[in-house]
Amino acid sequence: QLKNDLREYVSERQLENEDLTAALMIRSKGTSEPEIMDEVVMTAFNKGFEELGFVTEFANETAERISVTRYMDFPNYEFSMMKPVKDNEWLVTMAVIGEVRITSLMENPAGNGYSAKATVMLRAYDIVNNCVMGTFTEDYTMQGATAKEAEALVIQKASMDSAENFSKDTLRYWQGRLAER
């Protein structure tokens, strides 16, 4: 019941005051179809956070920024993505920045398909209190009949699982902050 009450409270506060909104800025990296995989990643994260009552904002702006920062290394990508948040162009309470990166894609030794590995790296910022809320790093492996299928499956699996886990961690963080009030 507490989780439902908190979800309702967070949703109401976000909708009424726009002071508990989230900017999710997670890209795919090392994929053969980056625009398509970015959409898979962002859909999974938006769904994961929205299911817990968070209101996600700036999806179109995020997609545009990701496309122009695609080839940046992670520190420069993170700096660039945080700029509209730090400059108060995007009025959000939290920002999640990260990437789902293909780290390995190879044919199986037996010749029966392909194996793809991906690493998810996320960092969440509490903008109100100017601190890092949490970080998340996890590796995933999936098999596919073709290289493209293995890549798509690992991006999808990594995005869905990490979005679910990290959104729950974020909810726990905000539960703690609200309990302090």
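This write-up is about the structure you can find in this document.

Analysis parameters
- Residues numbered from 1 in each chain as written.
- Predicted model: local features only at pLDDT ≥ 70, side-chain atom pairs only at ≥ 80, totals over all residues.
- Heavy atoms only, no water.
- Helix = DSSP H or I, 4+ residues; strand = E, 2+ residues; numbered from the N terminus.
- Buried < 20%, exposed > 50% of the residue type's maximum accessible area, 1.4 Å probe, protein only.
- Pairing = 2+ DSSP bridges.
- Axes fitted to C-alpha atoms, helices over the stretch in contact; angles between N-to-C directions.
- Contact = heavy atoms within 4.5 Å.
- Salt bridge = Lys/Arg side-chain N within 4 Å of Asp/Glu carboxyl O.
- Parallel < 35°, antiparallel > 145°, perpendicular 65-115°, else oblique.
- Left-handed = near helix turned anticlockwise from the far one by under 90°.

1. Here's the deal with unusual backbone geometry
For Asn-130, which is not glycine, the phi dihedral falls at a positive 50°. Residue position: Asn-130 is located in the loop between β4 (114–126) and β5 (131–144). Overall, Asn-130 belongs to the exposed group, its relative accessible area being 69%.

2. Quick look at the sheet that holds strand β3 (residues 94–107)
Strand order in the open sheet formed by 5 strands is β2-β1-β3-β4-β5, and the pairing between neighbours is mixed. Each of the sheet's edge strands pairs with one partner strand only, and the pair in question is β2 (55–57) and β5. The mean angle between the axes of side-by-side strands here comes to 25°, regardless of whether they run parallel or antiparallel. Where β4 meets β5, 13 bridges bridge the pair, whose relative direction is antiparallel. Of the residues in β5, the one forming a bridge with Ser-115 is Gln-143. Helix-sheet contacts for helix α2 (residues 34–50) involve β1 (21–29), β2, β3 and β4, and the interaxial angle to β1 is about 145°.

3. Description of the pairing of β4
Of the strand pairs in this sheet, β3 and β4 are connected by 13 bridges, and their pairing is antiparallel. Across the sheet, Ile-97 pairs through a bridge with Arg-123, a residue of β4. Connecting β3 to the next strand, β4, in antiparallel fashion are 6 residues, including Gly-111 with a positive phi near 75°. Where β4 hands over to β5, the hairpin turn is made up of 4 residues, of which Asn-130 adopts a positive phi near 50°.

4. Some points on the pattern of salt bridges
Counted according to the given criterion, the structure contains 10 salt bridges. Between Glu-33 and Lys-148 there is a salt bridge, with the nearest N and O atoms lying 3.2 Å from each other. Residue Glu-33 is found in the loop between β1 and α2, and its partner Lys-148 is found in helix α5 (residues 147–180); the two are separated by 115 residues along the sequence. With relative accessibility at 25%, the residue Glu-33 sits in the partly exposed group. We classify Lys-148 as partly exposed; its relative accessible area is 48%. Taking the shortest distance from any N to any O, the salt bridge between Lys-47 and Glu-51 comes out at 3.8 Å. Connected through shared salt-bridge partners, Arg-27, Glu-99 and Arg-101 make up one network.

5. Side note on the packing of helix α3 (residues 59–68) against helix α4 (residues 74–86)
Orientation of α3 relative to α4, taken along the N-to-C sense of each, is 150°, at an axis distance of 11 Å. Taken together, the axes of α3 and α4 are roughly antiparallel relative to one another. The two elements α3 and α4 cross, and the hand of that crossing is right-handed. Listed contacts from α4 to Thr-62, Arg-65 and Ile-66 of α3 are Tyr-77, Ser-80, Met-81, Lys-83 and Pro-84.

Interpretation in functional terms is not warranted from these geometric data alone.
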